[in-house]
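Below, each chain spelled out in residue letters.
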Amino acid sequence: MGRERGAILAIYKVQGRERLSTLILEPPASSAKTEPTMTDTAYDVAIVGAGIVGAACAEEFARRGMRVALVDRDFVGGGATAAGMGHIVVMDDSEAQFALTRYAQRLWQSMRADLPDDVEYEQSGTIWVAADDEEMAEVRRKHEYYGTRGVPTEVLDALELKKLEPNLHEGMAGGLLVPEDAVLYPPCAARFLVEKARQHGAALRLGKAAVQAGRGVVGFSDGSPISAGLIVIAGGAWAADLMPGVEIKKRKGHLVITDRYPGFVRHQLVELGYLKSAHSVSGDSVAFNVQPRKTGQILIGSSRQYGAEHAGVDHDILDRMLLRAEQYLPRIGTLAAIRTWTGFRAATPDKLPLIGPWSGDSSLLLATGHEGLGITTSLGTARLLVDQVTGAKPEIPAEPYSPSRASQEHVDA
Amino acid sequence: MSDERTEFDVLVVGGGPAGMAAATVAAECGVQVAIVDDNRALGGQIWRESSRGGQHEERNHWEARLRARQVQLLCGYRVVDQPEAGVLLAESGEKYRELRWQRLIVATGARERFLPFPGWTLPNVMGAGGLQAMVKCGLPIRGKRVVVAGTGPLLLAVAAYLGKQGAAVVLVSEQASWGRLARFAAELARFPQKLWQGLGLRRELAGVRFAANSWPLEAHGDSRLEAVTVSAAGKPANIACDYLACGFHLLPNVELPLLLGCQLDGDYVRVDEWQQTTVEGVYCAGEPTGIGGVELALVEGQIAGWSAAGKVGEARRLFPARARAQRFRRLLDRTFALRPELKRLPHPDTFVCRCEDVPYSRLRPHASWRAAKLHTRCGMGPCQGRVCGPATEFLLDWKAESVRPPIFPARVMNLARHHGEKQQPGEGLEPELET
Amino acid sequence: MPSEITLRVNGEPVSVPRGATVAVALAIRGQPCRKSVTGEVRGPLCGMGICFECRVSIDGVPHCRSCQIACQPGMDVRTDE
């Protein structure tokens, strides 16, 4: 453990969660643009990446009284945060995934009253759709699983499902309703968190592309480095560019958004085969995943590709994704599609994110690798990270997300 | 045409002057040609059919030549995507067509530039070409008071047309300076056809007030337009009216060329002397290569048509005519460039994005179009930024981002091709949606 | 062929000259096409099918650009109310 980090931990252990009054707080800015000149040296924490995860981390650290710099090569929430669905969902792929998603989902719930309108937070719930009896068995398993862990769910038979979602194909066997799941609009959620961070004194540096990070220094393509006791890498799919030893791979996804058709679907609808798609560690896959937005527009996903580096639309994948959606929602074909786009998720080999210190460098912390759950788990990620830094006991075990669990050790430069 | 053919030697996108000329000369060379156009009839905007009858002589000439050949006409079809190289997906209502081509001629024309100002969202505030189009489609205009505003030769043409239909054109408000307009008028002498048209317009517009150095400040009304405040001679003037026909010159429709990967020179599609773009086999003619009016569009269309049909000799014969017509294009650019005062037209609460009701004040803090779009929803509506994009480009110097399919809103089922195994709409698929 | 045709706008009959567009039928009726997301009444802007301000529901199909569609006898046109 480095001396500087030990010192910071010592300070915070003594002062607990109180803001350090000796720090000079920067005034909150009224615009989203980068603030004018401040000497960019000696922050407590520099966070690379102003997506939803970086923004959540900035808010947490700043609220605890640390001097935070949040940097991004472009604008707030422009990466996967802008591309993804904004689904806040509990998942049961593994205990660790469940713990983190449930923890973070409850944090979002407690924040919902503060969220401005443009964050479009809506507790529309999720319905996991079962197409056959085999999938209904899975529904009942999930119902049991969530029941024992305090997550309310409801098993729907075919008739009940049809009543809740009349546009679903006739032949569905039923589904599982998870009423506490929600949706929101991620870029504005990220912006909201950044604004809160700035109210607590965080500095925002946009348009700065980090080219190197380590040993308490973040170097940028325009010169003028930032030094910080701790550096958080929240660069999503580009984390591996900054941290060569980190096992993050880009996982491309496609989305389509329609014109306004209020009430066409009422809940986020996901096929149970989604889990098989998310499971696959190689090969391209699509899965039915559709979301109603507060505007009444329908967001259609989802797809996963490994190895695709270009951001253009792949028509093969788009075809398969839309055909899959038509199989579940036959009338979706008649809706007008306004836009298609792609994005890159940050995927790790074991499908769990990397949250915590990087063993090769005592100044580095990772907060990345969230694959399709970045929005959901962002608030939980920030809490876990801050708890690890301050030495507080995290509310859920942090070991499953530890970056040093990775098989490839980072070699000290 | 009932021909169900979907493979063509030459496919022409756009049925205005450039497209009609291109398709005609190519067809006269014996190649299989189709025209695909969003409108119900040929002619594009400038040669739009009128339900009141009466037709442009030059248009009649080209239409007659076109119809003498077996050119397949796909009217009412919008090109929305390029699902694979050499194939365009076109949609019309529930129907779609996959159009396979050997050579493609993009003649997608232009649209008006709209700039936001207070009250511009009131019903009966329209584009200049917009109001003309509505009148051609049957809108009663006799006895209605109209203010025509903005910039460009279109204003005079619209004012003359409306006057002929019985409208009371109260004012033509042109933002260009008297100096520029005088030079424009003098230069017209070098373009005899234009001069003749100009003199004709002068006759038709006798008695109509014309103000240069003038622009709209505010449109007033409760649930529809009732009056306009215009800046004229440096002072605001309030004018009661029924319609405001306001457009700030023309913008090239370059979404399709961009989707195909064609390079631009500034705002226009880059073409060589054969009207070929930077993409092999894709040609471009008319307004997308530069706003130059009908004459240039006809010349470029013919060159593109002959080039696509392999008739380089015929194409080369028109190079001098094109060079002459291009001088007019440069004259237009110079004369009707937007003055910086127009950047101050919108108030902070003036909507810039009309699809999503995003006011100017919410856009200004952002550094780029993409940032603004993601954070305010500007440009996320069905117009896909065709109205607000050019406005923000002028007001805030933002550059638009790259184009993705669909380049026009399209039915989800039409985007979901499956390489021939196309799922047809099932029987009983009513468009009525559950709510 | 009659020179006028009749369609219904929000349940009321409207007669227009043959060849007129649905947008024109609405204008003759003094009826705005739609309400914007903040509730402003809107009518056609571009007249050529790219601005989407003229959208109405025709025979149950929403989001139809009325300036691009010729009136047909018996058409059922509905605007935002």
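Predicted model only: the values in this text are computed from it and were never measured.

**Q** What exactly am I supposed to notice about the overall build of chain A here?
**A** Scanning chain A from terminus to terminus reveals 11 helices and 18 strands. A total of 413 residues make up chain A; the buried ones form 62% of that total. Considering only contacts within chain A whose residues lie at least 6 apart along the sequence, 75% involve residues at least 24 apart. Only carbon and sulfur atoms are counted for the fraction: they give 54% of the accessible area of chain A, which is about 15,300 Å².

**Q** Is there a simple way to explain the pairing of strand 16 (residues 336-347) of chain A in this structure?
**A** It is a general feature of regular strands that their side chains alternate between the two faces of the sheet. Most of strand 16 of chain A sits inside the fold, with 12 of its 12 residues counted as buried. By the bridge criterion, two bridges tie strand 16 of chain A to strand 22 (residues 410-411) of chain B in an arrangement that is antiparallel. Bridge assignment links Ala337 of chain A to a residue of strand 22 of chain B, and that residue is Ala410 of chain B.

**Q** Is there a simple way to think about the interface of chain C and chain B in this case?
**A** Interface size is often expressed as the accessible area that is lost when the parts come together. Taken together, the contact pairs 34 residues of chain C with 40 residues of chain B. Here chain C packs against chain B, burying approximately 2,900 Å² in sum over the two surfaces, 61% of which is carbon and sulfur. Sorting the residues of chain C by area buried against chain B places Leu45, Met48 and Ile50 of chain C first, and these three jointly supply 22% of that buried surface. Counting across the interface, chain C meets chain B through three salt bridges. Residue Arg65 of chain C is joined to Asp38 of chain B by a salt bridge in which the shortest nitrogen-to-oxygen separation is 3.3 Å. Run the count over chain C and chain B and you get 13 residue pairs in polar contact (both at pLDDT 80 or more). Within the residue set of the side of chain C that touches chain B, elements represented by two or more residues are helix 1 (22-29), strand 4 (41-42) and strand 6 (61-65) of chain C. Within the side of chain C that touches chain B, the residues separate by chemical class into 17 nonpolar, 10 polar and seven charged.

**Q** Sorry, what's going on with the sheet that holds strand 10 (residues 168-174) of chain B here?
**A** Backbone hydrogen bonds are what pair the strands of a sheet, in a parallel or an antiparallel way. All names here are of chain B. The parallel open sheet is built from five strands, whose spatial order is 8-15-9-10-11. Every interior strand has two partners, whereas the edge strands, strand 8 (125-126) and strand 11 (209-211), have only one. Pairing of strand 8 with strand 15 (residues 243-248), which is carried by two bridges, proceeds in the parallel orientation. By the bridge assignment for strand 15, Met126 is matched with Ala245. Sitting on the sheet, helix 3 (residues 128-136) is in contact with strand 8, strand 9 (145-151) and strand 15, with an inclination near 130° to strand 15.

**Q** Explanation requested: the interface of chain A and chain B in the structure shown.
**A** With 46 residues of chain A at the contact, the number on the chain B side is 41 residues. Along the contact surface separating chain A from chain B lie two salt bridges. The residue Asp118 of chain A makes a salt bridge to Arg362 of chain B at a minimum N-O spacing of 3.9 Å. Where chain A meets chain B, there are 14 residue pairs in polar contact (both at pLDDT 80 or more). Among the elements of the structure, helix 7 (186-199), strand 12 (249-260), strand 15 (297-306), helix 10 (315-328) and strand 16 of chain A are those that each provide at least two residues to the side of chain A that touches chain B. Broken down by element, the residue count for the side of chain A that touches chain B peaks at seven residues, all from helix 10 of chain A. For the side of chain A that touches chain B, the residue count by class is 22 nonpolar, 10 polar and 14 charged.

**Q** I tried to follow the domain arrangement of chain B on my own but got confused; where do I start?
**A** Residue and element names in this part refer to chain B. Considered domain by domain, chain B is made up of domain 1 (4-111 + 251-334), domain 2 (114-248) and domain 3 (346-396). The gap between the C-alpha centroids of domain 1 and domain 2 is 29 Å. Between domain 1 and domain 2, the contact holds 15 residues from the first and 19 residues from the second. Here domain 1 packs against domain 2, burying approximately 1,500 Å² in sum over the two surfaces, 55% of which is carbon and sulfur. At the junction of domain 1 with domain 2, the criterion picks out two residue pairs in polar contact (both at pLDDT 80 or more). Ranked by residues supplied to the side of domain 1 that touches domain 2, first place goes to helix 10 (residues 319-335) with six residues.

**Q** How should I be thinking about a nonpolar patch on the surface in this particular structure?
**A** Together, Leu195, Trp196 and Leu199 of chain B make up an exposed nonpolar region whose accessible area comes to about 340 Å². Looking at the element boundaries, Trp196 of chain B is found in helix 6 (residues 192-204).

**Q** Whenever I open this one, the side chain of Ser50 of chain B confuses me. Can you help?
**A** Inspection of the secondary structure puts Ser50 of chain B in the loop between strand 2 (33-37) and helix 2 (57-67). With residues near it in sequence (within four places) discarded, Ser50 of chain B still touches Gln55, Lys136 and Tyr161 of chain B.

**Q** What should I look at first to understand the packing of helix 3 of chain B against helix 4 (residues 153-164) of chain B in this one?
**A** Axes are the key here: two packed helices are described by the angle between their axes and the distance separating the axes. Residue and element names in this part refer to chain B. Contact geometry of helix 3 with helix 4 gives a least axis separation of 9 Å together with a crossing angle of 30°. Regarding the angle of helix 3 to helix 4, the classification is roughly parallel. Viewed along their axes, helix 3 and helix 4 form a crossing whose handedness is left-handed. Counting all contacts with helix 3, which are made through Ala128, Gly129, Leu131, Gln132, Val135 and Lys136, the residues of helix 4 involved are Leu154, Leu155, Val158, Tyr161 and Leu162. Grouping the amino acids of the contact of helix 3 with helix 4 by side-chain chemistry returns eight nonpolar, two polar and one charged.

The rules we used
- Residues numbered from 1 in each chain as written.
- Chains lettered and ligands numbered in written order.
- Predicted model: local features only at pLDDT ≥ 70, side-chain atom pairs only at ≥ 80, totals over all residues.
- Heavy atoms only, no water.
- Helix = DSSP H or I, 4+ residues; strand = E, 2+ residues; numbered from the N terminus.
- Buried < 20%, exposed > 50% of the residue type's maximum accessible area, 1.4 Å probe, protein only.
- Contact = heavy atoms within 4.5 Å.
- Areas by Shrake-Rupley, 256 points an atom, 1.4 Å probe, with all protein chains shown as cover.
- Pairing = 2+ DSSP bridges.
- Buried area = accessible area lost by both parts, 1.4 Å probe.
- Salt bridge = Lys/Arg side-chain N within 4 Å of Asp/Glu carboxyl O.
- Polar contact = N/O pair within 3.5 Å; in protein donor to acceptor, adjacent residues only side chain to side chain.
- Nonpolar A, V, L, I, M, F, W, Y, C, P; charged D, E, K, R; others polar.
- Axes fitted to C-alpha atoms, helices over the stretch in contact; angles between N-to-C directions.
- Domains from an automatic or database assignment.
- Patch = residues over 30% accessible without salt bridge, like charges linked within 9 Å, V, L, I, M, F, W, Y side chains within 5 Å.
- Parallel < 35°, antiparallel > 145°, perpendicular 65-115°, else oblique.
- Left-handed = near helix turned anticlockwise from the far one by under 90°.

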